[in-house]
Amino acid sequence: MSVCTAQQLSRYSGDGFLVLPDFVSTHECDSLRSRATEMVSAFDPGELKSIFSTHEQSRTTDDYFLTSGDKIRFFFEEHAFNSDGTLKQPKEQSINKIGHALHDLDAVFNRFSRTPKLGELVEDLEIEDPLLLQSMYIFKQPNIGGEVTCHQDSTFLYTEPNAIAGLWFAIEDATTENGCLWAIPGGHQAGLKSRWLRGQNGMEFRVSDSTAWPEEELVPLEVAKGSLILLNGLLPHRSYENKSDRSRHAYTLHVISAAANYPKDNWLQRTTPLRGFE
Ligand code: FE2
């Protein structure tokens, strides 16, 4: 059974994204949010405080990140720390995101990520024999929520042939004030500009098109809590810093096809097999 109308699918293929309002209930959003909060409370960072930043990404990425593809790990906001390395505020207001296998390892996230409705939705996107590759719970903290510079998700998660879909669930209202997504409508049609891969000397960007993004074409995707935004892996998108006093929580899933080749030089590697929606 189809979840999207033919008109919605044609918008997805033209724009590279599609907003589905009221896709999940307020109750489901709240239960993910409280589970994420519980996980952060139970997390003891110890000495190791790994940050997530899209600035100088290859340099700031560490082994804790690179081995997180089949684990649940916690990444701090770049601006969470004082100059002596201590946190400016409690860890609950300092975590940028949790990743990258919540959908496999946590019962609450597993249940949310593998509903029949989501399985049917991904069938609509014509991803043959879909597999859930990655999940993230993103906090976009008040005041310090970092920007994510303009990118294509396929730069980071690449398959041959190149086909990946991102599912972005608004766990809270997302507006221009608290750092909503922005995207370039139709920008996916220009192809992939670069790959971020495991090179001989660590992570590196391999650039095939070095022209700048036409960021003047970005449009804000302001959505209400419970909305789902579908994103083609080639769609250029970004988000700005959250300078407001409201968080902007989101949960994301990335889906690939079992029929595609998943290269060994992608950053995300697993020791356990990927699973679909069953
Ligand atoms: Fe992205």
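Structure's up top.
Residues numbered from 1 in each chain as written. Predicted model: local features only at pLDDT ≥ 70, side-chain atom pairs only at ≥ 80, totals over all residues. Heavy atoms only, no water.

1. Quick notes on the side chain of Arg 248
Looking at the element boundaries, Arg 248 is found in the loop between strand S13 (237–239) and strand S14 (250–257). The buried charged residue Arg 248 lacks any salt bridge, with Glu 172 as its nearest oppositely charged partner at 7.0 Å. At 2.5 Å, the side chain of Arg 248 and the backbone oxygen of Gly 179 are in polar contact. Setting aside residues no more than four positions away along its own chain, Arg 248 makes contact with Ile 138, Phe 139, Lys 140, Trp 168, Glu 172, Asp 173, Ala 174, Asn 178, Gly 179, Cys 180, Ser 239 and Asn 242. (Helix = DSSP H or I, 4+ residues; strand = E, 2+ residues; numbered from the N terminus. Buried < 20%, exposed > 50% of the residue type's maximum accessible area, 1.4 Å probe, protein only. Lys, Arg positive; Asp, Glu negative; His and termini not counted. Salt bridge = Lys/Arg side-chain N within 4 Å of Asp/Glu carboxyl O. Polar contact = N/O pair within 3.5 Å; in protein donor to acceptor, adjacent residues only side chain to side chain. Contact = heavy atoms within 4.5 Å.)

2. Overview of the sheet that holds strand S5 (residues 130–138)
In sheet architecture, strand pairing relies on hydrogen bonds along the backbone and comes in two forms, parallel and antiparallel. Spatial strand order, S1-S12-S7-S14-S5-S4-S3-S2: eight strands in an open sheet with mixed pairing. Both edges of this open sheet fall to strand S1 (17–20) and strand S2 (51–52), since each of them pairs with a single strand only. Sheet analysis places S2 next to strand S3 (residues 72–77), joined by two bridges and oriented parallel. Bridging across to S3, Ile 51 finds its partner in Phe 76. Packing against the sheet, helix H1 (residues 6–15) makes contact with S1, strand S7 (164–170) and strand S12 (228–232), and its axis sits at approximately 140 degrees to S1. Taken strand by strand, helix H7 (residues 116–124) contacts S1, S5, S7, S12 and S14, and its axis lies near 140 degrees from that of S7. (Pairing = 2+ DSSP bridges. Axes fitted to C-alpha atoms, helices over the stretch in contact; angles between N-to-C directions.)

3. Description of the environment of Ser 50
Examined against the element boundaries, Ser 50 turns out to sit in the loop between helix H2 (26–42) and S2. Each C-alpha atom of the pair Ser 50 and Leu 234 lies 28 Å from the other, and the pair is 184 residues apart in sequence. Polar contacts involving the side chain of Ser 50 include one to the side chain of Asp 62, which spans 2.8 Å.

4. Concerning the pattern of salt bridges
In this structure the tally under the stated criterion is 14 salt bridges. The partner of Arg 33 in a salt bridge is Glu 172, with the nearest N and O atoms 2.7 Å apart. Here Arg 33 is found in helix H2, whereas its partner Glu 172 is found in the loop between S7 and strand S8 (181–183), with 139 residues between them in sequence. Residue Arg 195 is joined to Asp 265 by a salt bridge in which the shortest nitrogen-to-oxygen separation is 2.7 Å. One end of the pair, Arg 195, is in strand S9 (residues 194–199); the other, Asp 265, is in the segment after S14, and 70 residues separate them in sequence. What you see here is one network of salt bridges that share partners, running through Asp 104, Arg 114, Arg 270 and Arg 275.

5. Considerations on the coordination of the iron ion
Tetrahedral coordination by four donors puts the ideal angle at the metal at 109.5 degrees, and octahedral coordination by six puts it at 90 or 180 degrees. Looking at the iron ion, one finds its protein donor set to be His 151 (NE2), Asp 153 (OD) and His 237 (NE2), positioned 2.2 Å from the metal centre. Site description for the iron ion: donor spacing in sequence, H-x1-D-x83-H. With His 151 in strand S6 (residues 148–151) and His 237 in strand S13, the pair connects residues that are 86 residues apart, well separated along the chain. Given the relative accessible area of 14%, His 151 is considered buried. A relative accessible area of 5% places His 237 in the buried class. (Donors = N, O, S within 2.8 Å, 3.2 Å for Na, K, Ca; no water.)

6. Quick notes on H7
In an α-helix, one turn spans 3.6 residues; hence positions three or four apart end up facing the same way. Within H7, the full set of buried residues consists of Leu 118, Gly 119, Leu 121, Val 122 and Asp 124. Glu 126 lies just past H7 and shows a positive phi near 60 degrees.

7. Re unusual backbone geometry
In this structure, His 100 follows Gly 99 across a cis peptide bond, with omega equal to 0 degrees. In this structure, Pro 161 follows Glu 160 across a cis peptide bond, with omega equal to -5 degrees. Structurally, Pro 161 can be placed in the loop between helix H8 (153–156) and S7.

8. Considering the pairing of S12
In terms of burial, S12 is a largely internal element, four of the five residues being buried. Note that S1 and S12 share four bridges and pair antiparallel. By the bridge assignment, Leu 18 is partnered in S12 with Leu 230. Sheet topology places S7 next to S12; five bridges connect them, and they run antiparallel. Opposite Leu 167, over in S12, you have Leu 230 as the bridge partner.

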